[in-house]
Structures are given as C-alpha cells and as structure tokens.
Amino acid sequence: MMMNNNDDVMETEKDDAMMEGLETPFDGDADAGVTADGSDDAVEKRRWPKWLVPVIVVACVVALMAGGAAWYLIDSNRRAQARGACEQGVTSVTADKAAWEKLLKADDTIAASKVTSDQVADSATVETLTDLLAETTDLKIVACDADATADLEAVTAALATTAEWYQGQTKKIDEAVAAVTSSRDAKTLATARDALVKKVDEARSLLSKSDGSVADDSTRDALGKAIDEADKGKDDKDPSMLDGLREKLVSAMQAVSDSRDAKARADEEAAAQAKRPPRPRLKRRPSSSTRPRTRAAGTPVADTRRLRRPHTPGRVAVRVLLALAADPSAALAAESALAGTRLRVVS
C-alpha cells in the first residue's frame, strides 16, 4: 500500500515537471525510465533557470521584427523598381507615339497617300498604305499612379503593349510609303522610256521621208544627231533625263517639218510663176533731146548713147503700180529697174 502511495507521488511530480517544461533529461534509457546504473528509483532531476524563458521570448520578438524589416525593405525595393520600370515605359511609349504622329505628317507620307493606283506599277502597294493610314486609333497612355507592386507591374505590361503597337505601326507605314514611292518611280521610269522609244521611231520615219524635201538640210543633220543621242541614253534610270532626250527629239523634228513645209511652199510658188505668160516689152519713143548723128554720106543713124533721165517720185510710183498690176511678185524688181533704167533712142 505504501508502495502505491509512493508511486502516485512520483507520478504527480512527473506530471508537474512536464507541465512546467522543467524536467531534466538524464543519462540512460529514456524509454525505460531508468538510470545508467539500472536503478528504477534513482531519477535525477533539475530545473532550468527562470531567466531563460524571457530571453527566448525576446529573441523571438527580435527575430520577428528583423524578418518584418527585411520583408519591408525587400518589398520597398521591388516597388521602387516596378515604379521605375513603369515610368520608363511611359517615356518609351510617349516617344513611340510621337514618332508615329510625326511619320503621319511627314511630306513623304502625305505625297504617297495622294498616289493613285494607275500611277504605280503595283496597285497593291497603294491599298496597303491606305489601310495602314486608316488605323489611327489613339491608344491611351496609362499613368504610373498605383501603389502596389503588382499594380505597377500590370501598368508596365500595358504600356509595353501600347509601345509595341506604335512601333509596329510606324515600321509598317514607313515600309508602305517606301513601297508606294518605289512603285510610282518604276512606273514613271517605264512611261518615260516607252515615250522616248516611241518618239525615236517617229523621228527615224521623219528623217527618212524628208530626204531631199527640206529647204535647209542642216535640220535633218540635227535630227539625226538627236536620234543617236536618244539611242545611247534610253537605258538611263533618271526619268527627267529621258524626258529631256524626248523633248530634244521633238524640237529637232519640228525644225525638219518647218523646213519641209518651207520648201513645199517655195516649189508651189515657182510652179505658179512658170505657168504665167511673159509680159510684153514696151518701146519708148525717142526724146526730143536726142540728136541723131549722121554718117559721112549724110545718112542719119540711131544714137546709141545711153541717156539717164531723171526719175521723179510720180514717175517711180506709176512704174511700181504698173508692175503690181502685171505681176505682184515682180514689184520690187520693177522698182529696182526704174531706178537704173537707161533709155535708148530707136531710129
């Protein structure tokens, strides 16, 4: 009975020690509850110092505060980095938008937008540019006014998407403008070359047909030189150069045509003059001032001396009118003849 009481006391003390966390381990088999010397009753016990618990509590509090401070520092750093990236995104997308707007207002873009399908070699280039210029959606640039790191990162992602759209549109429009311009230049060059080749053929035909039918043969020589020059330069890549060669041909051809027309008119006038009847020659009576000479035998003979009679304005006018009445084209010849007329006395 006493053993049972002792066992109960020992069991109660054990429970109290475990509740207070002050049971001291001992050497030996803990599961068996005996000491190293094999005695069941020799259980050694000792209590922890009372100051140890507060120290542990303080250490835990300090650890928690340090962890909180570290987390705060890390989170602040992440938030600062996120805000910096967001602000950088705003700067980038603003610059991209400005470049897009500048390209829309550029002279090359405006000029390309006015090009029609019939002015280019490939009409698809005009359609592509027209569709791109129609996409003028002005995307909103989101401000970096969020406080949470996650929100700032979301705004940065949205800004990156907006910047990507502006960059893509700028590149596409730039390429489309270049394609339209190149296609237009190709069509202009082809048109200029075709016009030059056609004009060279016309010039060769005129040069062949005008042989012997021009008043001034030097015009044909100039046309031949212009044809040779056009043949050498027809493969040039500058449309303005080809247009210049064609205009030179046109000028030379016009000179040949004018010379041919002048010769045709001269031939017609000569033929008409040949068909007119000759004018009768008028005889003048001997003047009273003319004195005939006599031969030795006393026979009068005609005085062959030429006497210059004065020409008054009235006499000259009468002669000119008579010449005009007979032959208008001989008016000048008649006037000249009147000025130098010498009369002969006919016996």
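Heads up: these notes are all about the structure in this document. Computed from a predicted structure; not experimentally measured.

Turning next to the state of the cysteines. Every disulfide links exactly two cysteines, by a covalent bond between their sulfur atoms. For the coordinates displayed, the defined rule picks out one disulfide. The disulfide partner of Cys86 is Cys144, and the S-S distance across this bridge is 1.8 Å. On the S-S bond that ties Cys86 to Cys144, the torsion sits near -95 degrees, and the link is left-handed. Of the two residues, Cys86 sits in helix H2 (residues 52–104) while Cys144 sits in the loop between helix H4 (123–134) and helix H5 (149–209), which places them 58 residues apart along the sequence.

Helix length check: H4, at 12 residues, gives a terminal C-alpha distance of 17 Å against a target of 16 Å (1.5 Å per residue), a fit within 8%. Considered for burial, the residues of H4 that qualify are Thr125, Val126, Leu129 and Leu132. Burial along H4 is one-sided: seen end-on, the buried residues are contained in an arc of 130 degrees. Turned more than 90 degrees off the buried face of H4, the exposed positions are Asp131 and Ala134. Check the buried side of H4 and you find it contacts helix H3 (107–113) and H5. Looking at where H4 begins, the residue whose side-chain oxygen comes 3.2 Å from the main-chain nitrogen of Ala124 is Asp122.

Before going further, it helps to examine the packing of H5 against helix H6 (residues 218–233). Axis separation between H5 and H6 bottoms out at 10 Å; the angle between their running directions is 150 degrees. Judged by the inter-axis angle, H5 sits roughly antiparallel to H6. Where H5 crosses over H6, the handedness of that crossing is left-handed. Side by side, H5 and H6 meet where Leu196, Val200, Ala203, Arg204, Leu206 and Leu207 of the first sit next to Arg220, Leu223, Gly224, Ile227, Ala230 and Asp231 of the second.

Turning to the pattern of salt bridges, a few remarks are in order. Scanning the model with the defined rule gives eight salt bridges in all. Salt-bridge contacts for Lys199 lead to Glu202; the nearest nitrogen and oxygen are separated by 3.0 Å. A residue pair is termed a helical-turn pair when its members lie 3 or 4 positions apart in one helix, as Lys199 and Glu202 do in helix H5 at three residues. Classification of Glu202 by relative accessible area gives partly exposed; the value is 34%.

Turning our attention to the nonpolar core. Counting 22 residues, the largest nonpolar core has Leu129, Cys144, Leu159 and Ile173 as its most contacted members. Every element with two or more residues in this core is listed here: H2, H4 and H5. Top element by residues in this core is H5. It accounts for nine residues. Setting aside residues no more than four positions away along its own chain, Cys144 makes contact with Arg83, Cys86, Glu87, Val90, Leu152, Val155 and Leu159. With 17 residues, the next largest nonpolar core counts Leu189, Leu196, Val214 and Met253 among its residues.

What follows deals with a negative patch on the surface. The grouping of Asp107, Asp108, Asp174 and Glu175 at the surface amounts to a negative patch. At the level of elements, H3 and H5 are the ones that each hand at least two residues to the negative patch. With respect to the helices and strands, the residue Asp108 is situated in helix H3. Judged by its relative accessible area of 57%, Asp108 falls in the exposed class.

Conventions we followed
Residues numbered from 1 in each chain as written. Predicted model: local features only at pLDDT ≥ 70, side-chain atom pairs only at ≥ 80, totals over all residues. Heavy atoms only, no water. Disulfide = S-S within 2.5 Å. Helix = DSSP H or I, 4+ residues; strand = E, 2+ residues; numbered from the N terminus. Expected span 1.5 Å × (residues − 1). Buried < 20%, exposed > 50% of the residue type's maximum accessible area, 1.4 Å probe, protein only. Arc of directions from axis to C-beta. Contact = heavy atoms within 4.5 Å. Polar contact = N/O pair within 3.5 Å; in protein donor to acceptor, adjacent residues only side chain to side chain. Axes fitted to C-alpha atoms, helices over the stretch in contact; angles between N-to-C directions. Parallel < 35°, antiparallel > 145°, perpendicular 65-115°, else oblique. Left-handed = near helix turned anticlockwise from the far one by under 90°. Salt bridge = Lys/Arg side-chain N within 4 Å of Asp/Glu carboxyl O. Core = buried A, V, L, I, M, F, W, Y, C linked by side-chain atoms within 4.5 Å. Patch = residues over 30% accessible without salt bridge, like charges linked within 9 Å, V, L, I, M, F, W, Y side chains within 5 Å. Areas by Shrake-Rupley, 256 points an atom, 1.4 Å probe, with all protein chains shown as cover. Lys, Arg positive; Asp, Glu negative; His and termini not counted. Charge placed at Lys NZ, Arg CZ, Asp CG, Glu CD.

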